[in-house]
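Observations on the model geometry
Next come the chains, spelled out residue by residue.
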Amino acid sequence: MYNAEALAARLGMVESCGDYGALLLRGYERVGEELPSQLRGIYTLVLWDGDRDALTAVRDCTGAHPCFYARAGQEHLISSSVDALLDHPGVSRQVNRAALVDYIVDSWPRLRETFYAGV
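Residue positions are given per chain, counting from 1 as you read along its sequence in written order. In keeping with the model being predicted, local features are shown solely for residues with a pLDDT of at least 70 and side-chain atom pairs are shown and tallied solely at 80 or more, while totals for entire chains, interfaces and linings include all residues. Based on all heavy atoms of the structure, the side-chain values leave hydrogens and waters out of the count.

A closer look at the packing of helix 1 (residues 4-11) against helix 2 (residues 20-31)
The angle between the axes and the distance between the axes are what describe a pair of packed helices. Here is the rule we go by: Note on geometry: axes are lines fitted to C-alpha atoms, helical ones only across the stretch in contact, with angles between N-to-C directions running from 0 to 180 degrees. Strands are runs of DSSP state E lasting at least 2 residues, helices are runs of H or I lasting at least 4, and numbering of each runs from the N terminus. When an angle is under 35 degrees it counts as roughly parallel; over 145 it counts as roughly antiparallel; between 65 and 115 it counts as roughly perpendicular; any other value is oblique. Helix crossings get a hand from a simple test, with the near helix turned counterclockwise from the far one by less than a right angle marking a left-handed crossing and a clockwise turn marking a right-handed one. Throughout, a residue-residue contact means that at least one pair of heavy atoms, one from each residue, lies within 4.5 Å. We call Asp, Glu, Lys and Arg charged. Ala, Val, Leu, Ile, Met, Phe, Trp, Tyr, Cys and Pro are nonpolar, and the rest, Gly among them, are polar.
Put simply, helix 1 and helix 2 touch, their axes get as near as 10 Å, and they point 50° apart. When the interaxial angle is binned, helix 1 and helix 2 end up oblique. Here helix 1 runs over helix 2; the crossing is left-handed. Touching Ala 4, Leu 7, Ala 8, Arg 10 and Leu 11 of helix 1 are Tyr 20, Leu 23, Arg 26, Gly 27 and Arg 30, all from helix 2. By residue class, the composition of the contact of helix 1 with helix 2 is six nonpolar, one polar and three charged.

Structural data, given as structure tokens:
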């Protein structure tokens with residue numbers, strides 16, 4: 001994170017600005033879903049909020065660090081690698097034909113699409 005020191009100062013955690021996990025947890029406890037909008041840098045952040053029964057996964061606003069997801073039955077899988085998700089036996093390797101056609105005709109598929117229907 002590029003702004004860890006500034007975020008730590010806002011949260012009163014100057015001594016812990018190098019402990020990103022503690023800093024992000026405190027930030028989420030203080031500002032909730034607004035936290036990602038306050039982060040700067042190259043990152044993927046995955047948060048499970050058991051009180052709200054909510055999973056949040058975000059990546060840096062420039063998209064420099066990839067974040068892919070898939071469902072495998074009741075499991076939610078998140079990875080920076082499509083191949084890692086495809087290695088899971090519960091993730092379909094079925095081709096996303098619409099995204100493949102878009103790519104072939106030099107039309108960009110939606111940013112949320114991959115060449116696999118399950119990812």
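Points about the pattern of salt bridges
The line we're drawing: By salt bridge we mean one thing: a side-chain nitrogen of Lys or Arg within 4 Å of a carboxyl oxygen of Asp or Glu. Here's how the labels work: a residue is buried when its accessible area is under 20% of the maximum for its type, exposed when over 50%, partly exposed in between, all with a 1.4 Å probe on protein chains only.
Summed over the entire model, instances satisfying the criterion amount to two salt bridges. Arg 52 serves as the salt-bridge partner of Glu 33, at 2.5 Å between the closest nitrogen and oxygen. Here Glu 33 is found in the loop between helix 2 and strand 1 (44-49), whereas its partner Arg 52 is found in the loop between strand 1 and strand 2 (54-59), with 19 residues between them in sequence. For Arg 52, a relative accessible area of 41% corresponds to the partly exposed category. With its nearest N and O atoms 3.6 Å apart, the salt bridge here joins Arg 52 to Asp 49. According to the relative accessible area criterion, Asp 49 is buried, its value standing at 12%.

Quick look at the pairing of strand 2
As a reminder of what qualifies: Only strands joined by at least two bridges in the DSSP assignment are considered to pair.
Pairing of strand 1 with strand 2 involves six bridges; the strand directions are antiparallel. Bridging from a neighbouring strand, Thr 44 pairs with Arg 59 of strand 2. The turn linking strand 1 back onto strand 2 is made up of four residues, and Asp 53 within it adopts a positive phi angle of 55°.

Distances and angles like these do not, on their own, reveal function.
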